[in-house]
Amino acid sequence: MIVTERPEPWHLRTRQFLRATDQRRGLVRGARFLRGLVPGTGEPLAPSTGRSSDRLARLLAEAGADRPSATRELGLAAVQAWQAVRRSGTPTVSADGITVLFTDLVGFSTWALEAGDDRVLQLLREVSKVTESVVIGHRGSVVKGLGDGVMAVFADPGEAVNAAYETCSAVSVIKAEGYLPHLRAGLHRGNPQRVGDDYLGVDVNIAARIMAAADGDEVLASASVVEELDQDIFTVRPRRNFRAKGTPKDLRVFRVVPRYTVGG
């Protein structure tokens with residue numbers, strides 16, 4: 001009796017061929033060269049802004065990182081190009097400074113401990129989507145996600161205040177079982193040091209401290225922001241007895257609310 005080996009299924013042969021082709025050194029080098037021509041940071045594992053493109057870049061970078069892949073390199077190039085387009089609107093630090101915004105969900109951590117991952121992730125997705133939409137609509141840029149909040153920057157302080165207030169209002173109507181989302185926001189204007197897509201320095205820390213002192217649905221801003229606002233457009237009230245570790249002793253903080261007119 002003669003036993004003959006059955007040929008390997010065509011789909012397995014095709015997969016092996018494609019994998020071998022994808023790992024050919026010449027193709028991988030060519031894909032890496034093309035990726036090097038694409039604008040952007042070229043660093044897929046840079047601090048994430050929370051955007052889908054950043055999460056995709058991280059997944060591509062980590063998937064099969066131990067073996068060369070032309071497809072992986074081209075995928076990273078595509079995401080890198082998209083990130084560059086999205087981040088091209090990031091305000092630059094000028095002599096007049098830049099306004100830094102921090103937001104945070106009040107009481108989120110306590111609720112999240114009991115809510116379960118599915119409900120927590122659903123809420124964070126909705127908050128992130130709303131926040132990014134409002135920030136971009138006011139000519140700002142989300143620098144990075146901070147779990148239950150974000151850091152964003154704006155060239156125009158008035159746009160920054162409007163974005164903060166509108167984001168707080170939009171988040172307050174999001175439905176979450178067992179939790180009423182209330183966002184707080186803090187703003188400070190200065191000249192932070194830009195490092196890649198991030199900003200560092202004392203002015204960033206001050207904005208974060210101001211945010212931490214705010215109540216739910218409250219927008220607090222330092223005098224450096226308020227002094228640049230049109231007082232006919234915003235209602236400004238001093239936040240008395242403001243104290244925050246790591247901030248200047250003479251720092252003045254105000255509660256700011258846009259004056260929206262009926263039909264305006």
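Anyway, here's the lowdown on the structure attached to this text. (Residues numbered from 1 in each chain as written. Predicted model: local features only at pLDDT ≥ 70, side-chain atom pairs only at ≥ 80, totals over all residues. Heavy atoms only, no water.)

**With respect to the overall build of the protein chain**
Move 1: Helix and strand counts for the protein chain come out as nine helices and nine strands.
Move 2: Taken across its 264 residues, the protein chain has 41% of its residues classed as buried.
Move 3: Here the contacts in the protein chain between residues at least 6 apart in sequence split such that 71% fall between residues at least 24 apart.
Move 4: Per element, the accessible surface of the protein chain, about 15,500 Å² overall, is 54% carbon and sulfur. (Helix = DSSP H or I, 4+ residues; strand = E, 2+ residues; numbered from the N terminus. Buried < 20%, exposed > 50% of the residue type's maximum accessible area, 1.4 Å probe, protein only. Contact = heavy atoms within 4.5 Å. Areas by Shrake-Rupley, 256 points an atom, 1.4 Å probe, with all protein chains shown as cover.)

**Description of the pairing of strand β3 (residues 150–154)**
Move 1: By the criterion of burial, β3 is predominantly enclosed, with five of the five residues buried.
Move 2: Taking every second residue as pointing to the same face, both faces of β3 are buried, with V150, A152 and F154 on one and M151 and V153 on the other.
Move 3: With four bridges joining them, strand β1 (residues 98–105) and β3 adopt antiparallel strand pairing. Looking across to β3, one finds that L101 is bridged to A152.
Move 4: When strand β2 (residues 140–145) meets β3, the two strands line up antiparallel, connected through five bridges. When the bridges of β3 are listed, G140 appears paired with F154.
Move 5: Where β2 hands over to β3, the hairpin turn is made up of four residues, of which G147 adopts a positive phi near 80°. (Pairing = 2+ DSSP bridges.)

**Quick notes on the sheet that holds strand β9 (residues 253–258)**
Strand pairing in a sheet relies on backbone hydrogen bonds, with the paired strands running either antiparallel or parallel.
Move 1: Strand order in the open sheet formed by seven strands is β2-β3-β1-β4-β7-β9-β8, with mixed pairing between adjacent strands. At either margin of the open sheet sits one strand with a lone partner, and together these are β2 and β8 (234–238). Each neighbouring strand pair of the sheet contributes to a mean axis angle of 25°, computed without reference to strand direction.
Move 2: Where strand β4 (residues 183–190) lies against strand β7 (residues 219–222), three bridges are found, and the strand directions are parallel. Within β7, the position partnered with L187 by the bridge is A221.
Move 3: Running over the sheet, helix α6 (residues 117–137) touches β1, β2 and β3 and is turned about 150° from β2.
Move 4: Set on the sheet, helix α8 (residues 202–212) makes contact with β1, β3, β4, β7 and β9; between it and β4 the angle comes to about 150°. (Axes fitted to C-alpha atoms, helices over the stretch in contact; angles between N-to-C directions.)

**Structural notes on the environment of I98**
Move 1: You can see I98 is positioned in strand β1.
Move 2: Once the C-alpha coordinates of I98 and D203 are considered, the two residues, 105 residues apart in sequence, prove to be 9.5 Å apart.

**Let's talk about helix α5 (residues 108–115)**
Move 1: Listing the buried residues of α5 in full gives F108, W111 and A115. An end-on view of α5 places all buried positions within 70° of arc, on one side of the element. Residues S109, T110, L113 and E114 are exposed on α5 and point more than 90 degrees away from its buried face.
Move 2: The elements touched by buried residues of α5 are β1 and α6.
Move 3: G116, located one to two residues past α5, shows a positive phi value of around 95°. (Arc of directions from axis to C-beta.)

**Digging into the packing of aromatic side chains**
Move 1: Here the structure, examined in full by the defined rule, presents three aromatic pairs.
Move 2: For the pair F108 and W111, a centre-to-centre distance of 6.0 Å together with 55° between the ring planes defines the contact as tilted. Taken as a pair, F108 and W111 lie in helix α5 at a separation of three residues, close to a single helical turn.
Move 3: The class of F108 is buried, set by a relative accessible area of 8%.
Move 4: Classification of W111 as buried rests on a relative accessible area of 9%.
Move 5: Measuring from ring centre to ring centre gives 6.5 Å for F108 and Y179, while their planes differ by 70°; the resulting arrangement is edge-to-face. In this pair, F108 sits in helix α5 while Y179 sits in the loop between α7 (157–171) and β4, placing the two residues 71 residues apart along the sequence. Y179 matches F108 in its accessibility class, with the two residues each being buried.
Move 6: Among the aromatic residues, those joined into a cluster by ring pairs are F108, W111 and Y179. (Phe/Tyr/Trp six-rings, centres within 6.5 Å; stacked < 30°, edge-to-face > 60°.)

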